[in-house]
Amino acid sequence: QVQLVEAGGGLVQAGGSLRLSCAASGRTFSSYAMGWFRQGPGKEREFVAGISRSGGITRYADSVKGRFTISRDNAKNTVLLQMNSLKPEDTAVYYCAADRSIIYGPPPQRAHEYDYWGQGTQVTVSS
């Protein structure tokens, strides 16, 4: 089992940047594909970015491609989401998630495929 704690959310103006971090407990962090999801007001939870166990494969939602970058440091049990050129529509609670099933290949994009979730961190982008 792994516990996930997000940090780094806050209020930023449009065009600004934020870096979210997700710290994982346990000794088997490298056994999990990791993902970031978000849920805006009145919206369903949606996939933002994902990264494979080794970090060699990443995937992004079309809405954030070219603006967000996901990375991980398995030695520090941490996954990061660098968010640049933020837009008001990026406003949401951002969640970190871990998937233990995918061994090879790209990380999953569907929320139900992830086994563990953090509590979320609020990101608000003002216009």
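Residues numbered from 1 in each chain as written. Predicted model: local features only at pLDDT ≥ 70, side-chain atom pairs only at ≥ 80, totals over all residues. Heavy atoms only, no water.

> What's the story with the sheet that holds strand 8 (residues 78–83) in this structure? I'm lost.
Sheet strands associate in pairs through backbone hydrogen bonding, adopting either a parallel or an antiparallel arrangement. Strand order in the open sheet formed by 4 strands is 1-3-8-7, with antiparallel pairing between adjacent strands. Bordering the open sheet on either side are strand 1 (4–7) and strand 7 (68–73), each of which pairs with just one other strand. Strand-to-strand twist of the sheet, defined as the mean angle between neighbouring strand axes without regard to direction, takes the value 15 degrees. Bridging between strand 7 and strand 8 involves 6 bridges; their strand directions are antiparallel. Paired with D73 across the strands is T78, a residue of strand 8. (Pairing = 2+ DSSP bridges. Helix = DSSP H or I, 4+ residues; strand = E, 2+ residues; numbered from the N terminus. Axes fitted to C-alpha atoms, helices over the stretch in contact; angles between N-to-C directions.)

> Looking at this structure, I do not really get the pattern of salt bridges. What am I missing?
As a working rule, side chains carrying opposite charge can pair if their charged atoms are close by. For the coordinates displayed, the defined rule picks out 6 salt bridges. The salt bridge involving D90 is made with R38; its shortest N-O contact spans 2.9 Å. You can see D90 sitting in the loop between strand 8 and strand 9 (92–99) and its partner R38 sitting in strand 4 (residues 33–39), a full 52 residues away along the chain. No difference in accessibility class separates D90 from R38, as the two residues are buried. In this structure, the salt-bridge partner of D115 is R100, at a minimum N-O distance of 3.8 Å. On the criterion of sequence distance, the pair formed by D115 in the loop between strand 9 and strand 10 (116–117) and R100 in the loop between strand 9 and strand 10 is long-range, its members being 15 residues apart. Look at R100 and you get partly exposed, because its relative accessible area is 48%. (Salt bridge = Lys/Arg side-chain N within 4 Å of Asp/Glu carboxyl O. Buried < 20%, exposed > 50% of the residue type's maximum accessible area, 1.4 Å probe, protein only.)

Purely geometric stuff here, so don't read any function into it on its own.
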